[in-house]
Amino acid sequence: MASHPERWDIFCRVVDNYGDVGVAWRLARCLAREHAKHVRLFLDDLTVLARLRPDADAALAAQRIDSVDVRRWDEALDERETVPPGEVADVVVETFGCDTPEPYVRAMAARIPHPRWINLEYLSAEEWVEESHALPSPHPRYAPLTRHFFFPGFTSRTGGLLRERDLLGRRDAFQADRATQAEFWRSLTGAVPPDGALKVSLFGYSAAPYWGLLEAMTRHAGPVWVVAPEGAASAAVTAWLHGRPHGERGTLQAFTVAFLDQDRYDELLWACDINFVRGEDSFVRAQWAARPFVWHIYPTDDGAHWVKLGAFLARYTAGMDRAHAARVTALWEGWNRGEPVARTWPAFDAALGAVSPHAEDWAARLAAQPDLATQLANFTDNVLK
Ligand code: TRH
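Please read all numbers here as calculations on a predicted model, not as lab measurements.

1. Side note on the sheet that holds strand 12 (residues 252-257)
- If you walk across this open sheet you meet the 6 strands as 11-12-10-9-13-14, and the pairing is mixed. On the outer flanks of this sheet lie strand 11 (246-249) and strand 14 (293-296), each paired with one strand and no other. Between one strand and the next, the sheet's axes are offset by a mean angle of 15 degrees, whatever the strand orientation.
- Inspection of the sheet shows strand 11 paired to strand 12 by 4 bridges, in the antiparallel sense. Counterpart to Glu 248 in the pairing with strand 12 is Gln 253.

See the structure below:
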């Protein structure tokens, strides 16, 4: 008897910005392409996907992109009287506690066998994540339906990080090929950075001290090439350039560019010597770029992000020379506090010779772990089944 591909339904609600969809989309694509799952991705805001994937049409209720069946998650889905149990997938993933639609949950309870049910959590380097990863949580009303928490993370006792199978091979080929990089720069900025230029990408929230960073970078010993895709960083660069989209001050040339599609954004990270990133997904992609980076963490009102920032810094700088670790920490913390970087930037800049090999080593260590989609597929196939 021919076996059918396993059916997965992934639900994602946009809380803010791009990261929720960015992560859900990557996961859906990896499961479909690399694990031969039949994946439906339910998104409540398709305009966000259309930013990351310009070939996505935000007006369509259903469309197929890269082997993923993308569906609009609208009110109808929350308010349906009944969902036939046969419509329920074999594995259901809700991302970031987004709450699977109630009628769908009732159908999950009626479906025999019950679907395997995962809540994919936000990424954190905190130690408690290892204890909570893969824990079950029985549904309060529809026992024996049970949800399992799945935590991405940086250690072997977590679910790992999203990493497409061919990602590091493509990165290495790109970073080894000067002609490809020159072509990339020409198509993005209309010019190629001068030899030896320090290439910097800028992506962050509005509170970051972009102005001070740009000023401080004009004092770098050599040419600097700054690129900011559309957003808070590009607005700051435009203001710094007195309203112009690109321009130069001394040996620093700055460019604002359109928001890139997600795959091209990876190339920008690979092409730069330092990447300023934020949130969750660009934060991970900067690590895969194997280059030094500065993380603007998503700020929360309760200040919990400081604990998360500290936990990551502790892991990332472990094994780094203490003076260099202090410089990395000072710039990251100041950047997140919105403080002037007149002192912390030059110190970080001066440490780049040591931080760059560390970034390569860090990426290689992370790559020794299985990626998140593979771990999730193994967990649902071998542990929950
Ligand atoms: O957009 P974000 O701030 O998203 C955040 C985080 O996910 C955070 O954890 C969450 O709590 C909050 O939203 C609600 O940052 P993030 O996670 O880096 O997502 C940005 C996405 O945009 C990522 O997939 C990379 C992509 N991107 C492009 O595709 N092109 C671009 O030009 C740029 C700058 C980013």
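2. A word on the environment of Leu 384
- Structurally, Leu 384 is set in the segment after helix 16 (372-383).
- Its relative accessible area of 22% is what places Leu 384 among the partly exposed residues.
- When the C-alpha atoms of Leu 384 and Arg 186 are compared, they prove to be 50 Å apart, with 198 residues separating the residues in sequence.
- In this structure Leu 384 touches Arg 116, Ile 118, His 148 and Phe 379, once residues within four positions along its chain are discounted.

3. Digging into the site of the ligand
- Lining the immediate environment of the ligand, one finds 22 residues, of which Tyr 205, Leu 260, Arg 278, Asp 281 and Ser 282 sit closest.
- With respect to the ligand, the backbone of Tyr 18 contributes an N or O atom lying 2.9 Å from an oxygen atom.
- Leu 260 is positioned with one of its backbone polar atoms (N or O) 2.7 Å from a nitrogen atom of the ligand.
- In isolation the ligand exposes 710 Å². Once the protein is present, 97% of that is buried.
- Breaking the shell around the ligand down by element, the ones donating at least two residues are helix 1 (19-35), helix 10 (262-271) and helix 11 (281-288).
- By residue number, the principal contributor to the shell around the ligand is helix 1, which donates 3 residues.
- Broken down by class, the residue content of the shell around the ligand amounts to 10 nonpolar, 6 polar and 6 charged.
- Split by domain, the residues of the shell around the ligand number at least three in each of domain 1 (7-161 + 370-383) and domain 2 (167-367).

4. Structural notes on helix 8 (residues 210-217)
- For helix 8, the complete set of buried residues consists of Tyr 210, Leu 213, Leu 214, Ala 216 and Met 217. One face of helix 8 carries all of its buried residues, which in axial projection span an arc of 165 degrees.

5. Looking at a nonpolar patch on the surface
- On the surface, Val 15, Tyr 122 and Tyr 298 cluster together to form a nonpolar patch covering roughly 280 Å² of accessible area.
- Looking at the secondary structure, you find Tyr 122 in the loop between strand 6 (116-120) and helix 5 (128-132).

6. With respect to the pattern of salt bridges
- This structure, assessed with the given rule, holds 32 salt bridges.
- Of the charged contacts, one joins Asp 78 and Arg 13 as a salt bridge, the two residues approaching to 3.7 Å between their closest N and O atoms. Of this pair, Asp 78 sits in helix 3 (residues 75-79) while Arg 13 sits in the loop between strand 1 (7-12) and helix 1, and the two are 65 residues apart along the sequence.
- Exposure remark for Asp 78: the relative accessible area of 29% places this residue in the partly exposed category.
- Connected through salt bridges with shared partners, the residues Arg 26, Arg 29, Arg 33, Arg 53, Asp 55, Asp 66, Glu 164, Asp 263, Asp 266, Asp 281 and Arg 285 form a single ionic network.

7. A word on the domain arrangement of the chain
- Entries for the chain in the domain assignment read domain 1 (7-161 + 370-383) and domain 2 (167-367).
- Its C-alpha centre places domain 1 at a distance of 30 Å from the equivalent point of domain 2.
- With both sides pooled, the region where domain 1 packs onto domain 2 buries about 2,100 Å², and carbon together with sulfur makes up 56% of that total.
- On inspection of domain 1 and its partner domain 2, the count reaches 3 salt bridges.
- Close ionic contact of Asp 263 with Arg 29 constitutes a salt bridge, the shortest N to O distance being 3.6 Å.
- Connecting domain 1 to domain 2 are 6 residue pairs in polar contact (both at pLDDT 80 or more).
- Looking at the side of domain 1 that touches domain 2, the element that brings in the most residues is helix 1, giving 5 residues.

Cut-offs applied
Residues numbered from 1 in each chain as written. Predicted model: local features only at pLDDT ≥ 70, side-chain atom pairs only at ≥ 80, totals over all residues. Heavy atoms only, no water. Pairing = 2+ DSSP bridges. Helix = DSSP H or I, 4+ residues; strand = E, 2+ residues; numbered from the N terminus. Axes fitted to C-alpha atoms, helices over the stretch in contact; angles between N-to-C directions. Buried < 20%, exposed > 50% of the residue type's maximum accessible area, 1.4 Å probe, protein only. Contact = heavy atoms within 4.5 Å. Near = heavy atom within 4 Å. Polar contact = N/O pair within 3.5 Å; in protein donor to acceptor, adjacent residues only side chain to side chain. Areas by Shrake-Rupley, 256 points an atom, 1.4 Å probe, with all protein chains shown as cover. Nonpolar A, V, L, I, M, F, W, Y, C, P; charged D, E, K, R; others polar. Domains from an automatic or database assignment. Arc of directions from axis to C-beta. Patch = residues over 30% accessible without salt bridge, like charges linked within 9 Å, V, L, I, M, F, W, Y side chains within 5 Å. Salt bridge = Lys/Arg side-chain N within 4 Å of Asp/Glu carboxyl O. Buried area = accessible area lost by both parts, 1.4 Å probe.

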